[in-house]
Amino acid sequence: MELRMPTPEQLRTVYAADLKESFPASELKPLRAIEQMWADGRYYPWCLFDGDEIVGTCFLWMGHPGWALLDYLCVSSRRRNGGIGAVILEKMLEREQGSIILGESEAPIHAPDPVMAERRLGFYARNHARMAGYDTEMFGAHYKTLYWADAPVSDERLMEEHRFIYQSQFSPERYARYVQIPRDPLAGPPCQVPWDE
C-alpha cells in the first residue's frame, strides 16, 4: 500500500463516497474549500492506495514549516476494522518525519456517542499520539488535543501553532466567533454550527 496525493477527480470521489459518510455536516469542510486550500499549498489530501483502490485518507492542514493539523482521518467503509487506520497514520508520520502533527478528537464528555469517542482516543494513543493539556472548541464541537512529535512539546507552543493554523484561514471575526484554543475547561456543553456557516 502507498500513501500519495489523489488526482482532483479522485479527491472528489473520496469526498463524496467516504468523508460525507464518515463525518457530520457540521464538521466537514466544503469540497470547494479543501480544493482551494490544496491549490494554495496549505492542504495535503493524502490517500492510501491499495493498487488502484483508495482505501483511506488523512488530510493535513499545513501551518508553519514543520507543523500541521491532522484534519480528517477516514478509512473506506469497505475496509474498516482491518488495521488500515493504523497503516495510514504510520505512513503519514513517515512522510512528515520531523514535523509536529496536531490532532483533534471529540471529547467523550460532550460527544453524541461517548463510547465511540473513547475508542477513537484509544486508537490514537495506541498509534503514538501524545495528549496535550488543553481542549479546543471548533464550531461548537468540543475536542481533546493530541499531537505526534519526537519529544514532548509545551502546551504554550502547541497552542501558538494550533491558533496559527486556524488564523491563517479565517478572518479575525470568524476565528473569534467559532474557534477556542484553549477551550474554557468550565464551559458547559457546546452548540454545534456548520463549518461553512
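Residues numbered from 1 in each chain as written. Predicted model: local features only at pLDDT ≥ 70, side-chain atom pairs only at ≥ 80, totals over all residues. Heavy atoms only, no water.

Caption draft 1: Representation of unusual backbone geometry in the model. Cis peptide bonds are those with omega within 30 degrees of zero, and the linkage from Ile181 to Pro182 qualifies with 5 degrees. Along the chain, Pro182 falls in the segment after β8 (179-180). Positive phi, close to 75 degrees, is recorded for His128, a residue that is not glycine. Among the secondary structure elements, His128 is positioned in the loop between α4 (114-126) and β6 (130-138). With relative accessibility at 64%, the residue His128 sits in the exposed group. Backbone geometry at Phe139 places phi at a positive 50 degrees, although glycine is not the residue there. You can see Phe139 is positioned in the loop between β6 and β7 (141-148). (Helix = DSSP H or I, 4+ residues; strand = E, 2+ residues; numbered from the N terminus. Buried < 20%, exposed > 50% of the residue type's maximum accessible area, 1.4 Å probe, protein only.)

Caption draft 2: Summary view of the sheet that holds strand β4 (residues 67-75). The sheet built from eight strands is open, its strands ordered β1-β2-β3-β4-β5-β7-β6-β8 with mixed pairing. The open sheet has two edge strands, β1 (2-4) and β8, and neither has a second partner. As judged from the two bridges shared by β6 and β8, these two strands associate in the antiparallel manner. Across the sheet, Glu137 pairs through a bridge with Gln180, a residue of β8. The sheet strands contacting helix α1 (residues 8-22) are β2 (43-50), β3 (53-62) and β4, and the helix crosses β3 at an angle near 90 degrees. The sheet contacts of α4 involve β4, β5 (100-106), β6 and β7, and relative to β5 the element is tilted by about 160 degrees. (Pairing = 2+ DSSP bridges. Contact = heavy atoms within 4.5 Å. Axes fitted to C-alpha atoms, helices over the stretch in contact; angles between N-to-C directions.)

Caption draft 3: Broad picture of the pairing of β6. Note: β6 against β7, six bridges, orientation antiparallel. Along β7, the bridge assignment pairs Arg130 with Tyr147. The turn linking β6 back onto β7 is made up of two residues, and Phe139 within it adopts a positive phi angle of 50 degrees.

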